[in-house]
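Listed below, chain by chain, are the residues.
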Amino acid sequence: QVQLVESGGGLVQAGGSLRLSCAASGLSFSHWGMGWFRQAPGKEREFVAFITWAGGSTSYANSVKGRFTISRDNAKNTVYLQMNSLKPEDTAVYYCAAPKEPFRVVLRSRDYDYWGQGTQVTVSS
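The shown structure was predicted, so the numbers you read here are calculated from the model rather than taken from an experiment.

Cut-offs and rules
Residues numbered from 1 in each chain as written. Predicted model: local features only at pLDDT ≥ 70, side-chain atom pairs only at ≥ 80, totals over all residues. Heavy atoms only, no water. Helix = DSSP H or I, 4+ residues; strand = E, 2+ residues; numbered from the N terminus. Buried < 20%, exposed > 50% of the residue type's maximum accessible area, 1.4 Å probe, protein only. Lys, Arg positive; Asp, Glu negative; His and termini not counted. Salt bridge = Lys/Arg side-chain N within 4 Å of Asp/Glu carboxyl O. Polar contact = N/O pair within 3.5 Å; in protein donor to acceptor, adjacent residues only side chain to side chain. Contact = heavy atoms within 4.5 Å. Phe/Tyr/Trp six-rings, centres within 6.5 Å; stacked < 30°, edge-to-face > 60°. Lys NZ or Arg CZ within 6 Å of the ring centre and 35° of its normal.

(A) Representation of the side chain of Glu6 in the model. Along the chain, Glu6 turns up in strand E1 (residues 3–7). Although Glu6 lies buried, it forms no salt bridge, and the closest oppositely charged side chain, Arg45, sits 7.9 Å away as judged by the N-O distance. Looking at Glu6, its side chain comes within polar contact range of the main-chain nitrogen of Cys96, at 2.8 Å. Each residue touching Glu6, except ones within four places of it in the same chain, is listed here: Ser21, Cys22, Trp36, Tyr94, Tyr95, Cys96, Gly116, Gln117, Gly118 and Thr119.

(B) Spotlight on the packing of aromatic side chains. What the rule picks out here adds up to six aromatic pairs. Measuring from ring centre to ring centre gives 5.9 Å for Tyr112 and Trp115, while their planes differ by 55°; the resulting arrangement is tilted. Using a relative accessible area of 26% as the deciding quantity, one classes Trp115 as partly exposed. Aromatic ring contacts, followed pair by pair, group Phe37, Phe47, Tyr95, Tyr112 and Trp115 into a single cluster. Sitting over the ring of Trp115, Arg45 keeps its end group 4.3 Å from the ring centre. Positioned over the ring face of Phe29 is Arg72, at 4.3 Å from the centre of the ring.

(C) Representation of unusual backbone geometry within the structure. Of note in this structure, Ser85 is not a glycine but carries a positive phi near 50°. By the element assignment, Ser85 lies in the loop between strand E8 (78–83) and strand E9 (92–99). The backbone of Phe103 shows a phi angle near 55°, a positive value even though the residue is not glycine. Looking at the element boundaries, Phe103 is found in the loop between E9 and strand E10 (112–115).

Bear in mind that shape data such as this cannot, by itself, settle questions of function.
Quick look at the structure:
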């Protein structure tokens, strides 16, 4: 059974930083690309970032490019999202996710099968 558990959310002032973590179990983590998504109140879930299974390639939404960094530690079965220069519009519930199959580059939320419970990030102005 695949489990993804996010942590690290919280309340931060605009311009501040947070680092989210997602601990994975139930899958051969080093074989899976991992994604981060977010959902703000009244909005659809949107892609934030993706990292390939060995960490050699990443992809970002334009809205976070240059401010957020996705990384992973395969020895700890954990993927991270470092968020810098946070803005009020970054306020959302953040989710990590894994696709159904290994070795896939997946950027659309509908192509992900495994999701964490989410962690709230609130950025005050």
